[in-house]
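# Structural overview
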Amino acid sequence: MKILMKRLDQKIALISGAAAGIGRGIALAFAAEGAKVGVLDLDQSRCQAVVDEIKTQGGKALALAADISNPISIETALSKLKKHFGPVEILVNNAAIMPSGALHETDWQAIQRCVSVNLLGSVALSRAIIPDMLAQARGSIIHMASVTGMLGLPGLAIYSATKGALISLARAMSTDYAKKGIRVNSVSPGTIDSPMLHAFLAEQNQGKVLRKAFDEMHPIGRIGTIEEVAKVFIFLASDEASFVTGANYTVDGGLSVRGEQPQDES
């Protein structure tokens, strides 16, 4: 009987912001495809909960508590992961926060934290991991961007700015490392049924109305699921995407083609 190889069999992956939401979904999906997964987030106990879930399903994972806005914290986590599994071959820069409000209404500390986590955290993790990827002459880095970085949405200026920057960062990095075996891409989801969306809607005066509008603005007629996003990450992380670099994959049910935006009528 022929044994089918899993698409990420024995590959070592690190996923930031993996304790919940889309990051957790990607971690579970990668592990199911045979990857050894570093589950990185701020809280050790929440990371361990995801690791336990992966192990229950027969996968391999390691909990890594770290603040990606702190280079020392990153180095400590990476050292632990390398000793446990080996050098990282796949990096998913997923960790993000999403302050809402028009730019002049957004707290300055929230703006700084958003840039530090969403953009600079992705830069710091990439810089720390790339030397090992260069030594192996292979690697896949995937930045979690967003259609907000392409279109913009009301009340999400600074979040949109960081996500647009990640799209540009992936393109620029791809040109630096293409001949060295490292592929760099970004993924831009539309509206996804996730804890981040739930938190955003909870802050709005007419959250239920806005939630319905999100369904209607996607040509496919609904918002996306975490599993649908995770499948694209599996493809980009795998050897199936060996000729894909510098790309921005939109996973948005046609939203970016239509270009419509829901309006908060509060």
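To be clear, the structure that these remarks concern was listed above.
In this model, helix α3 (residues 71-84) (14 residues) spans 20 Å end to end at C-alpha, consistent with the 20 Å of a helix rising 1.5 Å per residue. The set of residues buried in α3 consists of Ser73, Ile74, Ala77, Leu78 and Leu81. Burial along α3 is one-sided: seen end-on, the buried residues are contained in an arc of 125 degrees. Away from its buried face, by an angle of more than 90 degrees, α3 presents the exposed residues Ile72, Thr76 and Lys83. Where α3 begins, the side chain of Asn70 points an oxygen toward the backbone nitrogen of Ile72, at a separation of 2.9 Å.

Here the focus is the layout of surface pockets. Estimates place the volume of the largest pocket at around 810 Å³. Lining the largest pocket are 40 residues, with Asn94, Ala96, Ile97, Tyr159 and Met196 positioned closest to its centre. Top contributing element to the lining of the largest pocket by residue count: helix α6 (residues 195-202), with four residues. A class-by-class count of the residues in the lining of the largest pocket yields 25 nonpolar, ten polar and five charged. Reported here for the second largest pocket is a volume of approximately 240 Å³. Every residue lining the second largest pocket is counted, 17 residues in all, and those nearest its centre are Gly139, Gly181, Arg183, Asp239 and Ser242. For the lining of the second largest pocket, the elements supplying multiple residues, two or more each, are β5 (139-144) and β6 (182-189). Partitioned by chemical class, the residues of the lining of the second largest pocket number six nonpolar, six polar and five charged.

Bringing the packing of aromatic side chains into the picture now. Scanning the entire structure with this criterion turns up one aromatic pair. On the basis of an interplanar angle of 50 degrees and a centroid distance of 6.1 Å, the ring pair of Phe235 and Tyr249 is categorised as tilted. With Phe235 in helix α8 (residues 226-237) and Tyr249 in strand β7 (residues 248-251), this pair connects stretches of sequence that are 14 residues apart. Residue Phe235 is classed as partly exposed on the basis of its relative accessible area, which comes to 23%. Judged by relative accessible area, Tyr249 falls into the partly exposed class, the value being 28%.

Our focus in this paragraph is the side chain of His218. Mapped onto the fold, His218 is located in the loop between α7 (207-217) and α8. Taking the relative accessible area as the measure of exposure, His218 reaches 2% and is therefore buried. There is a polar contact of 3.2 Å between the side chain of His218 and the backbone nitrogen of Thr191. With residues near it in sequence (within four places) discarded, His218 still touches Gly190, Thr191, Ile223, Asp252, Gly253, Leu255 and Arg258.

Analysis parameters
Residues numbered from 1 in each chain as written. Predicted model: local features only at pLDDT ≥ 70, side-chain atom pairs only at ≥ 80, totals over all residues. Heavy atoms only, no water. Helix = DSSP H or I, 4+ residues; strand = E, 2+ residues; numbered from the N terminus. Expected span 1.5 Å × (residues − 1). Buried < 20%, exposed > 50% of the residue type's maximum accessible area, 1.4 Å probe, protein only. Arc of directions from axis to C-beta. Polar contact = N/O pair within 3.5 Å; in protein donor to acceptor, adjacent residues only side chain to side chain. 1 Å grid on protein atoms, 1.4 Å probe; cavity = no way out; pocket = protein on both sides within 12 Å on 5 of 7 lines; lining within 4 Å. Points joined across faces, edges and corners; volume = space filled by probe spheres on them. Nonpolar A, V, L, I, M, F, W, Y, C, P; charged D, E, K, R; others polar. Phe/Tyr/Trp six-rings, centres within 6.5 Å; stacked < 30°, edge-to-face > 60°. Contact = heavy atoms within 4.5 Å.

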